[in-house]
Structures are given as structure tokens and as C-alpha cells.
Amino acid sequence: ESMRQERRLRELEELVVSELQPLYEKREIKERPEIWIIRGDENISAKVQEMLAKVERELMIALPLAPRGLLAPLGPSLNTLMDRRVKIFFLTTPEALEKLPPYIPNLAEMRLREEMFGGGMVVDGREAILLLGQGESTKTLLAIWSDHVGLTQIAKIYFQHLWETSKPI
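Residues numbered from 1 in each chain as written. Predicted model: local features only at pLDDT ≥ 70, side-chain atom pairs only at ≥ 80, totals over all residues. Heavy atoms only, no water.

Colleague: I'd love a proper account of the nonpolar core, names of residues and values included.
Modeller: With 27 residues, the main nonpolar core has Ile44, Leu59, Ile61, Leu78, Phe90, Met121 and Ile129 as its most contacted residues. Contributing elements (two or more residues each) for this core: helix H2 (41–52), strand E2 (58–63), helix H3 (68–83), strand E3 (87–92), helix H5 (104–107), strand E5 (119–123), strand E6 (127–134) and strand E7 (141–146). Looking at this core element by element, the count peaks at four residues for H2. Ignoring any residue separated from it by four or fewer positions in sequence, one finds Phe90 in contact with Ile61, Leu63, Leu74, Leu78, Leu100, Ile104, Ala108, Glu109, Met110, Arg111 and Trp163. Listed in part, the 11 residues of the second largest apolar core include Ala62, Val122, Ala128 and Phe159. (Core = buried A, V, L, I, M, F, W, Y, C linked by side-chain atoms within 4.5 Å. Buried < 20%, exposed > 50% of the residue type's maximum accessible area, 1.4 Å probe, protein only. Helix = DSSP H or I, 4+ residues; strand = E, 2+ residues; numbered from the N terminus. Contact = heavy atoms within 4.5 Å.)

Colleague: Before we move on, could you go through the packing of aromatic side chains and cite the residues and values that matter?
Modeller: The geometry of an aromatic ring pair is captured by the separation of the ring centres together with the interplanar angle, meaning the angle of the planes. All chains considered together, the criterion is met by three aromatic pairs. Seen from their ring centres, Trp36 and Trp145 are 5.0 Å apart, and the 50 degrees between their planes marks the pair as tilted. Of this pair, Trp36 sits in strand E1 (residues 35–39) while Trp145 sits in strand E7, and the two are 109 residues apart along the sequence. A residue is classified by how much of its surface remains accessible, and Trp36, at 38% relative accessible area, is partly exposed. (Phe/Tyr/Trp six-rings, centres within 6.5 Å; stacked < 30°, edge-to-face > 60°.)

Colleague: Before we move on, can you summarise helix H6 (residues 149–164) with the specific residues and values?
Modeller: Residue pairs spaced three or four apart in an α-helix point in one direction, given the helix's 3.6 residues per turn. Between the first and last C-alpha of H6 there are 22 Å, a value that for 16 residues agrees with the 22 Å anticipated at 1.5 Å per step. Those residues of H6 not exposed but buried are Gly150, Thr152, Ile154, Ala155, Lys156, Ile157, Phe159, His161, Leu162 and Trp163. (Expected span 1.5 Å × (residues − 1).)

Colleague: Outline the side chain of Thr152, supporting the account with residue identities and numerical values.
Modeller: With respect to the helices and strands, the residue Thr152 is situated in helix H6. Assessed through its relative accessible area of 1%, Thr152 is described here as buried. Apart from residues lying up to four places away in sequence, Thr152 is in contact with Val122, Gly125, Arg126, Glu127, Ala128, Ser146 and Asp147.

Colleague: An account of unusual backbone geometry is requested, with residue identities and associated values reported.
Modeller: The backbone phi angle of Arg85 is positive, close to 60 degrees, even though this residue is not glycine. Topologically, Arg85 is positioned in the loop between H3 and E3. A relative accessible area of 75% means that Arg85 is categorised as exposed. One non-glycine residue, Asp124, adopts positive backbone phi at about 50 degrees. As for its position among the elements, Asp124 is in the loop between E5 and E6. For Asp124, a relative accessible area of 5% gives the class buried.

Colleague: Mind laying out a negative patch on the surface, listing which residues take part and the relevant values?
Modeller: The grouping of Glu95, Glu98, Glu114 and Glu115 at the surface amounts to a negative patch. With respect to the helices and strands, the residue Glu114 is situated in the loop between strand E4 (109–112) and E5. When its relative accessible area of 53% is taken as the criterion, Glu114 is described as exposed. (Patch = residues over 30% accessible without salt bridge, like charges linked within 9 Å, V, L, I, M, F, W, Y side chains within 5 Å. Areas by Shrake-Rupley, 256 points an atom, 1.4 Å probe, with all protein chains shown as cover. Salt bridge = Lys/Arg side-chain N within 4 Å of Asp/Glu carboxyl O. Lys, Arg positive; Asp, Glu negative; His and termini not counted. Charge placed at Lys NZ, Arg CZ, Asp CG, Glu CD.)

Listed below in C-alpha cells is the structure:
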């Protein structure tokens with residue numbers, strides 16, 4: 001098991017290097033990836049809602065905390081997505097689970113993990129938003145959104161790694 005994880009993390013490392021190297025070297029760049037830094041609960045919530053409206057096949061959510069701004073749009077959206085037969089994978093911590101609306105576990109395949117660094121969401125493996133937690137001074141959330149193939153792929157692989165090493169509810 002640990003050998004498999006090590007191999008997976010090595011593959012992830014190679015993927016990161018192969019994707020980011022050209023960006024740093026400023027050559028072999030065929031497109032300029034869209035990467036946005038989003039500040040503040042309301043802005044992040046709006047972006048999350050926009051992403052949730054576009055899901056077609058698969059939604060991966062990792063929430064180590066339960067920020068109110070994100071929870072409000074989540075319930076109704078998950079309900080709609082479930083009706084559309086979207087696969088929803090929801091990873092959270094025991095603390096955050098207590099703050100989630102009680103119906104959420106009925107809308108998604110859920111797993112629990114004691115520790116998680118940051119959170120986020122990957123939509124259809126096409127776009128990702130990473131929640132970077134709260135800035136100590138401002139208490140507002142900071143997030144990075146991107147539809148860059150390499151970065152989105154990294155987010156997906158990292159999510160799958162966390163998923164495989166967590167407990168089903």
C-alpha cells in the first residue's frame with residue numbers, strides 16, 4: 001500500500017515538474033493558462049456557484065472547514081446534480097461534518113479524513129478551485145481558480161490520493 005502511494009506521489013511530482021517547468025522557463029508555452037486569485041467569501045462563493053452550474057459528469061469536493069459562504073449554495077446544487085446523475089465525491093473532516101447540513105451525506109459519496117491541507121473543488125477534471133484557508137489578519141478566504149489542464153490534473157490526482165486514504169462514512 002505505501003509503495004503504491006509512494007509511486008503515485010512520484011508520478012504526481014513528475015507531472016507537476018513537466019507541467020510547470022515550461023511555465024518557469026517561458027518557452028514551449030502554447031497557451032496562457034487562466035489562473036485567478038479570488039479573495040473574500042462572497043467572491044469565492046460566486047465562483048463556486050458558477051462552477052457548480054457547469055458540472056456534467058463528476059464533482060470532487062474537499063472541505064476541511066465548513067465556511068458558511070460555501071455551504072449556502074452547496075445543498076441545492078448537490079441536489080440538482082444528483083438528479084442529473086452526476087458522480088459526487090465529498091471529502092471532509094469530522095469537525096466540518098458536524099457543521100454540514102445533515103442531508104449532505106445523502107447527496108454524495110462521502111469520506112472522512114482526520115487531516116487535510118486546504119480544500120477545494122474539481123469539476124469534470126476541467127477546472128479547479130483551491131481554498132487556501134483564512135488569512136490571519138483579514139479572516140477572509142483566499143482561493144485560486146484555474147482551468148489550466150496541468151494544474152487541474154494535479155488537483156484531481158491529489159484529491160484521488162486523499163480519497164483513497166480516507167474512511168467511508
